[in-house]
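Overview (structure and organization)
Spelled out from the first residue to the last, the chains are:
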Amino acid sequence: MATPHINAPEGAFAATVLMPGDPLRAKHIAETFLTDAVCVNTVRNMFGYTGTYKGKPVSVLGSGMGIPSMSLYATELAKFYGVKNIIRIGSCGGLPLDVKVRDVVIGMGASTDSNVNRNRLAGMDFAAMASFELLEKAVAAARAKNINVKVGNVFTSDLFYNPSETLFDTLEKYGVLAVEMEAAGLYGVAAEYGINALAIFTVSDHIRTGEALSAELRQNSFNEMVEVALGCL
Ligand code: ADE
């Protein structure tokens, strides 16, 4: 079986798939964390792997950047490969000053400037939410590893370079913790197909201070977040 964007055979993906934006990060996770990982997707170099972690089957697949890319991969995983849990692992820009670079943020909800979920619901607003089951597991895994996590609303933006001079003030006033580009799309797909989804982030840069993580710290923080995600298995 192949889909327009995935050339893996039927049954090639585990029930749980971790999705970093960058396919080379999927390769890194497979090589660093998984046992007996096999490459299952190569279409467009959007690498995917299936292996085990502590004896439990798990897959990783790059999502690409932005809602359209995340949505098509998440849809094909749910619709054609029977995937039940998708965990986005990515980076975000911190918004309030008490969300610091290197923090782990979990998107309990995802607000957005995208129309994709309105398109799904005949123009109505949809509260794009994480799976409570996965959220509970991720928070417990982070606490067990002494990793500080902040849980709340994130903002999924279609624009990485947003020219608005007021948007971030408004988002911060409404309690948004961080800005990223995929979660609201993933949560919409998960609702459409009745699967579980969660988005976990490391704060790679700060919207207010302009601070950004070095490549080395980015990698360390990324690995911490992967451990939280794998703790959901
Ligand atoms: N991902 C990481 N940092 C981001 C930012 N500042 N805005 C949107 N997406 C991001």
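Within any chain, residue numbers begin from 1 and follow the written order of that chain's sequence. Thresholds applied to this predicted model are a pLDDT of at least 70 for local features of residues and 80 or more for the giving and counting of side-chain atom pairs; totals over whole chains, interfaces and linings are not thresholded and use all residues. Heavy atoms throughout the structure, all of them, feed into the side-chain values; hydrogens and water do not.

- Per an unreviewed UniProt entry, the chain is named Purine nucleoside phosphorylase DeoD-type, and its organism is Rheinheimera maricola.
- The UniProt entry for the chain carries the following comment under Sequence similarities (unreviewed entry): "Belongs to the PNP/UDP phosphorylase family."
- UniProt positions are given in the numbering used here, feature names are shortened, and annotations may be inferred rather than shown by experiment. According to the UniProt record, the Function (unreviewed entry) comment for the chain reads "Catalyzes the reversible phosphorolytic breakdown of the N-glycosidic bond in the beta-(deoxy)ribonucleoside molecules, with the formation of the corresponding free purine bases and pentose-1-phosphate."

**Some remarks on the UniProt feature "binding site: phosphate" (unreviewed entry) in the chain**
- What UniProt calls "binding site: phosphate" (unreviewed entry) maps, in this numbering, to G21, R25, R44, R88, I89, G90 and S91.
- Elements are defined by DSSP. Helices are runs of H or I of four residues or more, strands are runs of E of two residues or more, and each kind is numbered from the N terminus. One can find R25 in helix α1 (residues 23-33).
- Those residues in contact with R25, other than ones at most four positions away along the chain, are P20, R218, Q219 and F222.
- Turning to its location among the elements, G90 is positioned in strand β5 (residues 85-94).
- Two residues qualify as a contact provided that any one of their heavy atoms is within 4.5 Å of a heavy atom in the partner residue. Not counting the four nearest positions on each side in its chain, G90 is found in contact with I200, F201, T202 and M225.

**Side note on the site of the ligand**
- Neighbouring the ligand are the residues S91, C92, G93, F160, V179, E180, M181, S204, D205 and I207.
- Protein chains bury 88% of the 260 Å² of accessible surface belonging to the ligand in isolation.
- Where the shell around the ligand is concerned, the elements lending two or more residues are β5, β8 (178-180) and β9 (196-206). Here a residue counts as near a molecule or strand whenever at least one of its heavy atoms sits within 4 Å of it. All accessibility values rest on the Shrake-Rupley procedure with a 1.4 Å probe; residue burial counts only the protein chains present in the view.

**Here we look at the nonpolar core**
- Among the buried residues, those of types Ala, Val, Leu, Ile, Met, Phe, Trp, Tyr and Cys that are joined through side-chain atoms within 4.5 Å form a nonpolar core. When accessible area is computed with a 1.4 Å probe and restricted to protein chains, residues below 20% of their type maximum are described as buried, those above 50% as exposed, and intermediate ones as partly exposed. In this structure, F13, I89, L198 and I200 are the most contacted members of the largest nonpolar core, which totals 70 residues.
- With six residues, the next largest nonpolar core counts F155, F168, L171 and V176 among its residues.

**Some points on the pattern of salt bridges**
- Within this document, salt bridges are pairs made up of a side-chain nitrogen of Lys or Arg and a carboxyl oxygen of Asp or Glu, the two lying within 4 Å of each other. Applying the stated criterion to the full structure yields 10 salt bridges.
- A salt bridge links R88 to E180; the nearest nitrogen and oxygen atoms lie 3.0 Å apart. Residue R88 is found in strand β5, and its partner E180 is found in strand β8; the two are separated by 92 residues along the sequence. Like R88, the residue E180 is buried in the burial classification.
- Bridged by salt links that share partners, the residues R88, E180 and E182 form one connected network.

**A look at the UniProt feature "binding site: a purine D-ribonucleoside" (unreviewed entry) in the chain**
- The sites that carry the UniProt feature "binding site: a purine D-ribonucleoside" (unreviewed entry) are, in the present numbering, H5, E180, M181, E182, S204 and D205. The greatest C-alpha distance among the annotated residues, which extend across 201 residues, is 30.6 Å, indicating that they are dispersed rather than converging on a single site.
- For H5, the position within the fold is in the segment before β1 (16-20).
- Using a relative accessible area of 18% as the deciding quantity, one classes H5 as buried.

**A closer look at the state of the cysteines**
- Disulfides are defined as cysteine sulfur pairs within 2.5 Å. Counted by the stated rule, this structure contains zero disulfides.
- Cysteine C92 remains unbridged, with the sulfur of C232 as its closest cysteine sulfur at 17 Å.
- Judged by relative accessible area, C92 falls into the buried class, the value being 2%.
- Owing to a relative accessible area of 5%, C232 belongs among the buried residues under this scheme.

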